[in-house]
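Spelled out, the chains give:
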Amino acid sequence: MQYLLLIYQNESEATKRSDADAGAMRKEYMTFTESIAKSGHYKGGNALQPTNTATTVRVRGGKRQATDGPFAESREQLGGYYLVDAKDLDEAIGLAERIPGARTGSIEVRPILPIPAAS
Amino acid sequence: MTAELQQEIDRIYRSESRRILATLIRLLGDFDVAEEALQDAFGIALEQWARDGVPANPRTWLVSTGRNRAIDRMRRDARFVSRVDELGADSLAIDATELPENESGVEDDRLRLIFTCCHPALASEAQVALTLRTICGLTTEEIARSFLVPLSTMAQRLVRATGKIRDAGIPYRIPPANELAERIDAVLAVVYLVFTEGYAATSGDELIRRELCSEAIRLGRLLVELMPAVSETSGLLALMLLHDARRDTRSTPAGDLVLLDEQDRTQWNRAQIDEGTQLVDASLRSARVGPYAIQAAIAALHAKAPTAADTDWRQIAALYALLVERAPSAVVELNHAVAVAMVDGPESGLLLLDAIEARGELRDYHLLAAARADLLRRLGRTNAAVGAYEKALELAALEPERRFLERRIRELRSRGSDRAPARS
């Protein structure tokens with residue numbers, strides 16, 4: 001099965017980190033990504049720019065509305081994600097647990113909905 | 001079909017249906033499909049056994065019949081076509097010999113199922129409901145009535161839980177060694193929750209509550225049987241047996257609360273107490289004594305005392321101190337304080353209660369106020385005791401507890417103001 005591991009963190013806390021800490025965190029992420037690539041779990045992943053760069057788009061009554069900011073205000077914000085292959089939820093939880101951000105923020109584990117091939 | 005055959009099938013259903021379901025869930029990988037397959041298999045059995053007689057191994061027959069029927073059904077249903085491929089469509093002509101014949105294989109299926117039902121990715125209330133539905137075989141209606149929720153709510157809860165197991169890929173397996181301890185704790189917690197739901201609450205249908213307690217005890221026995229090496233399984237079973245042994249003496253026929261020291265000890269269930277006590281002794285010998293075993297040991301000391309005055313409070317206080325260390329919580333500290341008061345006198349108990357309150361814990365817990373009131377009453381500090389009982393009454397929700405507190409207040413008021421300390 002495929003799972004999306006969504007990395008949520010408190011942005012204001014994250015921006016308070018010293019350069020040295022931020023550097024160490026980046027390095028940890030690189031090591032983690034390499035290790036799950038090697039084990040065959042990694043399907044994709046990215047870090048995101050902070051939510052102050054976000055734009056939310058809606059179409060209402062056929063009209064496009066683009067507004068500044070994220071979809072919802074919350075204590076923790078989506079900061080990145082991994083797409084992984086795992087044999088079941090336990091394996092996916094095991095991968096999520098190893099994401100460096102799990103120690104400070106939260107990882108939401110979401111199974112990918114398989115779309116049946118059109119016939 | 002003869003009445004005898006019907007009886008025989010009913011008997012097999014009662015004793016085997018949960019094991020068959022567990023195996024079908026493993027083979028088919030889907031709760032709802034397996035449940036349907038189970039019903040199909042028994043339906044076919046009614047017809048075929050009337051004609052051909054009961055097979056030598058009914059369980060194996062029912063498993064393979066249920067599985068074949070489910071695969072037929074899934075083949076006709078577009079949603080499941082890919083699933084049938086996964087299950088190996090060419091193995092359709094099932095050979096009964098490929099099914100686990102040995103007992104341990106079948107028992108493993110039930111254990112796997114318990115771990116799946118109690119998976120931490122499911123909400124606690126869903127874990128409880130799913131365990132009662134799948135492992136105990138209670139109907140959705142019975143579970144809804146036990147937890148005082150509308151049938152539709154409970155049905156929804158179960159559908160959501162089995163849906164999550166399927167869609168999120170919650171595995172059907174016994175957890176690996178590095179996760180086992182934590183996962184066993186979750187299983188034990190679910191079983192104990194089923195028990196306390198039946199034991200502690202005094203609202204609702206008494207018969208249904210009794211049913212929950214006996215289901216929890218049955219689950220407890222199953223866990224001891226399936227995981228004999230885990231001492232906390234024995235601890236939990238002992239704890240439930242010992243509490244349950246006293247259930248009939250805890251209230252009057254009118255539904256009024258009877259405290260431990262006023263209960264009719266001749267009415268306690270001796271056989272259950274003996275069994276519980278033996279289990280406690282066994283689990284206390286384990287290298288690492290867990291919280292259930294400690295609580296069971298405390299319950300055993302109460303159960304063994306011929307009269308309330310003979311209770312070994314010194315040992316009980318020591319066990320509570322151990323429990324505070326192993327499973328710290330303010331409620332455990334409260335119980336410790338009550339036991340200490342029985343050994344060293346009410347003042348010592350009050351000091352410990354002050355310490356809990358000073359930390360701001362249990363402020364809204366009626367039993368803290370009630371414990372304080374009881375200690376003050378025993379010190380003869382009637383006015384302060386009445387005040388504490390009134391506070392407890394404000395916080396208590398259950399009717400029998402409220403009536404008990406009101407009775408105490410009346411007794412103290414008629415006794416007048418402060419006087420010399422009472423003996424008990």
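Up top is the structure these notes are about.
Residues numbered from 1 in each chain as written. Chains lettered and ligands numbered in written order. Predicted model: local features only at pLDDT ≥ 70, side-chain atom pairs only at ≥ 80, totals over all residues.

Outline the overall build of chain A, supporting the account with residue identities and numerical values.
Within chain A, the regular secondary structure consists of three helices and six strands. Helices and strands in chain A line up, N terminus first, as β-α-α-β-β-β-β-α-β. Taken along the three principal axes of its C-alpha coordinates, chain A extends 50 × 45 × 20 Å. By the burial criterion, 16% of the 119 residues in chain A qualify as buried. Sequence-distant contacts, at least 24 apart, represent 76% of the contacts inside chain A between residues at least 6 apart. (Helix = DSSP H or I, 4+ residues; strand = E, 2+ residues; numbered from the N terminus. Buried ≥ 20, exposed ≤ 12 C-beta atoms within 10 Å, placed from the backbone. Contact = placed C-beta atoms within 7 Å.)

Provide a residue-level description of the overall build of chain B, including the pertinent values.
Assigned secondary structure in chain B consists of 19 helices and zero strands. Considering only intrachain contacts with a sequence separation of at least 6, the fraction spanning at least 24 residues in chain B is 61%.

Summarise the packing of helix α11 (residues 231–244) of chain B against helix α12 (residues 270–284) of chain B; cite the residues concerned and give the values.
Residues and elements named next belong to chain B. Running from amino to carboxyl end, α11 crosses α12 at an angle of 155°, the nearest separation of the two axes being 8 Å. On the basis of the axis angle, α11 is roughly antiparallel to α12. By crossing handedness, the relation of α11 to α12 is classed as left-handed. Counted together, Ser-231, Ser-234, Gly-235, Leu-237, Ala-238, Leu-241, Leu-242 and Asp-244 of α11 and Gln-272, Ile-273, Glu-275, Gly-276, Leu-279, Val-280, Ala-282 and Ser-283 of α12 form the full contact between these two elements. A breakdown of the residues in the contact of α11 with α12 according to their chemical character gives eight nonpolar, six polar and two charged. (Axes fitted to C-alpha atoms, helices over the stretch in contact; angles between N-to-C directions. Parallel < 35°, antiparallel > 145°, perpendicular 65-115°, else oblique. Left-handed = near helix turned anticlockwise from the far one by under 90°. Nonpolar A, V, L, I, M, F, W, Y, C, P; charged D, E, K, R; others polar.)

Please give an account of unusual backbone geometry that cites residues and values.
Residues and elements named next belong to chain B. With a phi angle near 55°, Leu-148 is a residue other than glycine that sits in the positive phi range. Leu-148 sits in the exposed class, given 12 other C-beta atoms within 10 Å. A positive phi angle, near 60°, is found at Leu-362, a position not held by glycine. Look at Leu-362 and you get partly exposed, because 19 C-beta atoms sit within 10 Å.

Kindly report on the pairing of strand β5 (residues 77–85) of chain A, identifying the contributing residues and their values.
Residue and element names in this part refer to chain A. Here strand β1 (residues 2–9) pairs with β5 via eight bridges, running antiparallel. Bridge pairing in β5 links Leu-4 to Leu-83. Examined bridge by bridge, strand β2 (residues 42–47) and β5 share five bridges and lie antiparallel to one another. Counterpart to Asn-46 in the pairing with β5 is Tyr-81. (Pairing = 2+ DSSP bridges.)

Describe the sheet that holds β5(A), naming the residues involved and giving the relevant values.
Residues and elements named next belong to chain A. Spatially, the four strands line up as an open sheet ordered β2-β5-β1-β6, and their pairing is antiparallel. With partners counted over all chains shown, the strands left at the sheet margins are β2 and β6 (106–111), one partner each. Averaged over neighbouring strand pairs, the angle between their axes works out to 20° when direction is ignored. Its contacts with the sheet place helix α3 (residues 89–98) against β1, β5 and β6, and it is angled at close to 155° to β6.

Residues and numbers for the interface of chain B and chain A, please.
When the parts come together, some accessible area is lost, and that loss is often what is quoted as the size of the interface. Taken residue by residue, the interface counts six residues in chain B and five residues in chain A. Tallied by class, residues from the side of chain B that touches chain A come to four nonpolar, one polar and one charged.

So, helix α1 (residues 3–28) of chain B: which residues are in play, and what are the values?
Residues and elements named next belong to chain B. Under the 1.5 Å per step criterion, the end-to-end length of α1 is only 33 Å for 26 residues, more than 12% shorter than the ideal 38 Å. The principal kink in α1, of about 60°, is found at Glu-16. Along α1, the residues that are buried comprise Ile-20, Leu-21, Ala-22, Thr-23, Leu-24, Ile-25, Leu-27 and Leu-28. The first or second residue beyond α1 is Gly-29, which carries a positive phi of 70°. (Expected span 1.5 Å × (residues − 1). Bend = angle between axes of the 7 residues up to and from the residue.)

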